[in-house]
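Take a look at the letters that make up each chain.
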Amino acid sequence: MSKIKRFFFNASLMVFTTVFLRVISLYFSVYLSGVVGAEGLGIYNLTGSVYRLGITLSSAGIGFAATRIIAEEIERKNHREAARAASRCLMTSLVLGGTIAFIFFAFSDFIAIHFLGDVRASLSIRAMAISFPFIVMSSIINAYFTAVGRLSKNAFPMLVDQFVRIGVTYIMLLRFDGKNLEYACLSIIVGGIFAEVISFFISFIFYNEDKKRLYKNPHKRTVLSKRVAGIALPVAVSSVIRTGLHSIEHMMIPSGLKKRGVDPSHALSLYGMITGMVFPVIMFPSAFLYAASDLLVPEFAAIGASGDNLRLKRLTHKTMQLTSFFSIGVAGIIFGFSKEIGDVFYNSRECGLYIKILAPLIVFMLYDHLADAILKGLGEQISVVKYNIIDSVTSVTLVWLLVPIFGLGGYVFVVWFGEVLNCIMSSLKLVRRTKVPIRFTNWFFIPALASFLSVTLSRKLIVLFHGAVGENIFTLIVAFIISALVYMLILRVFGSITLNDYKLLKKALTK
């Protein structure tokens, strides 16, 4: 398979898989909100902040180092060294993940009481610690298959993971009495443990068979420990600091709401509504782009190793343009139909309001993720570290200052400020590094106008022929499809999308 065909095959496969899983995940979050309620989701997501910190400490940037090093060695035809790097990273992640798991298991009561302020989370912390080694080892195997361009080996374990997670959680929640939120939170986590363990062993079987091909080739040995440390340590420091600050930020939200006079139970409910109901909708479009942009890390690592500046500019230009078109289009659809989304999915006007407020952030979130992926691929992870830390420190400070005064509105402002700040810093660095300018008129103004017109026309057509948009999920999906088709048509009329775009992207991806 040629390089261009392999890239599009991998991108299409991962986008399809990720979107399919995100759809299932979104519906599952709707199911959970109905079973455990907003307060239950609040407890679970509060515990999840500690969970994410544990995963970050366990992985320590090794997965990203594995992707970079394996991609570079494959580009140099040094296949056996790529396999040796994967094995070294896998063993390191096992030791580190096991160590962090032991620490979290041993100090679960202390973490629950002194960090989360809720002793009910102790049992869940002990349970989640079991999954740490399996998660980080799976991330190394995923990095290996991403770097060697065989993402089909990642897709099946991902599907198994999601279905096992949902199945086990559903079975355990059958015994939920509607009152014991500790048991409800534990049920969700146990479902995750089963899913991570089973999907890891499936991935490991695929990995163990695949890497044998690489060991057949002669190779030049390199100092792997030094290379892994040089790439992983900056990412690890950034990730640990950022995730730690992010966890502190989320722990401060319920307590900040309580300081404003909100009842503790209602404070958790408000927190659960934002993190467990609104954010899944806002993050859903990222499924289309995150999978594809993650493929750009090894792609840009290979470009960096080859020194092909013309190819670098071409690929950067087209990915930035396509990200702008996509993010503005989906942000406009979610913004325009936010009320209906809140009604259909959660039967909540309040959810719909916060979805509308946060929908434009999709543009900044996706653009920032793309910029970070390209910069990491080009070896600029130190800059990404710096921007992420600035963002996290600023967000924690603002949560501490604003939430006790302005309540949930203060937190929404913090989310907006942090995402926009990070996006601006990353984008400016990307422009300086690649010398590719941002074309505001073609990439932002015209798509924004097209998005507004497409949503307006779609709403009027649905009302004209059906009577209402938000009656059920079917009419909502039809409205989304009409909006997307009209949006692409308007972009084509304005000349923003041309038949030459595909040719340029294909040329950028081929040597």
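What counts, and at which threshold
Residues numbered from 1 in each chain as written. Predicted model: local features only at pLDDT ≥ 70, side-chain atom pairs only at ≥ 80, totals over all residues. Heavy atoms only, no water. Helix = DSSP H or I, 4+ residues; strand = E, 2+ residues; numbered from the N terminus. Buried < 20%, exposed > 50% of the residue type's maximum accessible area, 1.4 Å probe, protein only. Contact = heavy atoms within 4.5 Å. Areas by Shrake-Rupley, 256 points an atom, 1.4 Å probe, with all protein chains shown as cover. Core = buried A, V, L, I, M, F, W, Y, C linked by side-chain atoms within 4.5 Å. pLDDT = per-residue confidence, 0-100. Salt bridge = Lys/Arg side-chain N within 4 Å of Asp/Glu carboxyl O. Expected span 1.5 Å × (residues − 1). Polar contact = N/O pair within 3.5 Å; in protein donor to acceptor, adjacent residues only side chain to side chain. Axes fitted to C-alpha atoms, helices over the stretch in contact; angles between N-to-C directions. Parallel < 35°, antiparallel > 145°, perpendicular 65-115°, else oblique. Left-handed = near helix turned anticlockwise from the far one by under 90°. Nonpolar A, V, L, I, M, F, W, Y, C, P; charged D, E, K, R; others polar. Phe/Tyr/Trp six-rings, centres within 6.5 Å; stacked < 30°, edge-to-face > 60°. Lys NZ or Arg CZ within 6 Å of the ring centre and 35° of its normal.

What exactly am I supposed to notice about the overall build of the protein here?
Per the secondary structure count, the protein includes 21 helices and 0 strands. Put simply, the protein has 511 residues, and 55% of those count as buried. Long-range pairs, those at least 24 residues apart, make up 83% of the contacts in the protein with a sequence separation of at least 6. Summed over its atoms, the accessible surface of the protein is roughly 22100 Å², and 69% of this surface lies on carbon and sulfur atoms.

For this particular structure, what's the right way to read the nonpolar core?
The biggest cluster of nonpolar side chains holds 96 residues, and the ones touching the most others in it are Phe104, Phe132, Val278, Ile282 and Tyr346. Broken down by element, this core gets its largest block of residues, 11 residues, from helix H1 (residues 3-59). In this view, Ile282 contacts Ile355, Leu358, Ala359, Ile362 and Met365; residues no more than four positions away in its chain are not counted. Ranked by size, the runner-up nonpolar core spans 24 residues in total, among them Ala60, Ala147, Tyr207 and Ala236.

Got a minute to help me understand helix H5 (residues 122-129) in this structure?
One turn of an α-helix holds 3.6 residues; hence residues three or four places apart share an orientation. When you tally the buried positions in H5, you get 6 out of 8 residues, the bulk of the element. Along H5, the residues classified as buried are Ser122, Ser124, Ile125, Ala127, Met128 and Ala129.

Before we go on, may I ask you to explain the confidence of the model for the protein in this structure?
Detailed reading of the predicted coordinates is not advisable wherever pLDDT falls low. In the predicted model, the protein carries a mean pLDDT of 80, and the fraction of residues at 70 or more is 85%. Helix H15 (residues 349-358) holds the highest mean pLDDT among the elements of the protein, 90, whereas helix H21 (residues 499-509) holds the lowest, 53.

In this structure, what is going on with the pattern of salt bridges? I would like to understand it.
Oppositely charged side chains can pair when the atoms bearing their charge come close. For the coordinates displayed, the defined rule picks out 6 salt bridges. In this structure, Glu196 engages Arg165 in a salt bridge whose closest nitrogen and oxygen atoms are separated by 3.0 Å. Of this pair, Glu196 sits in helix H8 (residues 181-210) while Arg165 sits in helix H7 (residues 152-173); the two residues are 31 residues apart in sequence, bridging distant segments of the chain. Two residues, Asp343 and Arg349, come together in a salt bridge whose shortest N-O distance is 3.0 Å. With relative accessibility at 55%, the residue Arg349 sits in the exposed group. Three or more residues joined by partner-sharing salt bridges are found here, namely Asp161, Arg165 and Glu196.

Help me out: how do you make sense of unusual backbone geometry in this one?
Of all residues except glycine, most have a negative phi; of all peptide bonds, most are trans. Located in the positive-phi region is Asn347, a residue other than glycine, with phi close to 55°. Asn347 sits in the exposed class, given a relative accessible area of 69%. We note that Lys435 has phi near 65°; this positive angle belongs to a residue other than glycine. With respect to the helices and strands, the residue Lys435 is situated in the loop between helix H18 (408-434) and helix H19 (440-465). A relative accessible area of 59% means that Lys435 is categorised as exposed.

Got a minute to help me understand the side chain of Thr434 in this structure?
Mapping Thr434 onto the fold places it in helix H18. With near-sequence residues (within four places) excluded, Thr434 lies in contact with Leu312, Lys313, Thr316 and Leu378.

Help me understand helix H13 (residues 309-336) in this model?
Helix length check: H13 (28 residues) gives 40 Å between terminal C-alpha atoms against 40 Å at 1.5 Å per residue, within 8%. By the criterion of burial, H13 is predominantly enclosed, with 20 of the 28 residues buried.

For this particular structure, what's the right way to read the side chain of Asn422?
Here Asn422 lies in helix H18. There is a polar contact of 3.2 Å between the side chain of Asn422 and the side chain of Asn388.

Got a minute to help me understand the packing of helix H3 (residues 79-106) against helix H6 (residues 132-148) in this structure?
For any two helices packed against each other, the geometry is given by the interaxial angle and the distance between the axes. Two elements in contact, H3 and H6, have axes whose closest approach is 7 Å; the angle formed by their N-to-C orientations is 160°. Taken together, the axis directions place H3 and H6 in an arrangement best described as roughly antiparallel. Crossing angle aside, the handedness with which H3 passes H6 is right-handed. Along the contact surface, H3 presents Ala86, Cys89, Leu90, Ser93, Leu94, Gly97, Gly98, Ile100, Ala101 and Phe104, while H6 presents Phe132, Pro133, Val136, Met137, Ile140, Ile141 and Tyr144. Partitioning the contact of H3 with H6 into residue classes produces 14 nonpolar, 3 polar and no charged.

Can you help me understand the environment of Ile189 in this one?
For Ile189, the position within the fold is in helix H8. Note on Ile189: relative accessible area 9%, which makes it buried. Each C-alpha atom of the pair Ile189 and Val168 lies 9.7 Å from the other, and the pair is 21 residues apart in sequence. Setting aside chain neighbours within four positions, we find Ile189 in contact with Tyr44, Thr47, Ser124, Ala127 and Met128.

Can you help me understand the packing of helix H4 (residues 108-116) against H5 in this one?
Between H4 and H5, the least distance of the axes is 8 Å, while the angle of their chain directions is 125°. Comparing the axis directions of H4 and H5 gives the class oblique. Seen from above, H4 lies across H5 with right-handed handedness. Here Ser108, Asp109, Ile111, Ala112 and Leu116 of H4 come into contact with H5, specifically with Ser122, Ile125 and Arg126. Each residue belonging to the contact of H4 with H5 can be placed in one class, and the counts come to 4 nonpolar, 2 polar and 2 charged.

Is there a simple way to think about the packing of aromatic side chains in this case?
Two descriptors summarise a pair of aromatic rings, namely the distance from one centre to the other and the angle between the planes of the rings. Inspection of every chain in the model, using the stated rule, returns 18 aromatic pairs. For the pair Tyr51 and Phe132, a centre-to-centre distance of 6.1 Å together with 40° between the ring planes defines the contact as tilted. Placement of Tyr51 in helix H1 and of Phe132 in helix H6 is noted, with a sequence separation of 81 residues between them. For Tyr51, a relative accessible area of 24% translates into the label partly exposed. Take Phe132: its relative accessible area is 0%, and that puts it in the buried class. Taking 5.9 Å as the distance between ring centres and 65° as the angle between the ring planes, the aromatic pair formed by Phe337 and Phe480 counts as edge-to-face. Here Phe337 is found in the loop between H13 and helix H14 (338-346), whereas its partner Phe480 is found in helix H20 (residues 473-493), with 143 residues between them in sequence. Under the relative-accessibility criterion, Phe480 is labelled partly exposed at 24%. Taking the ring centre of Phe335 as reference, the NZ or CZ of Lys356 above it sits at 4.3 Å.

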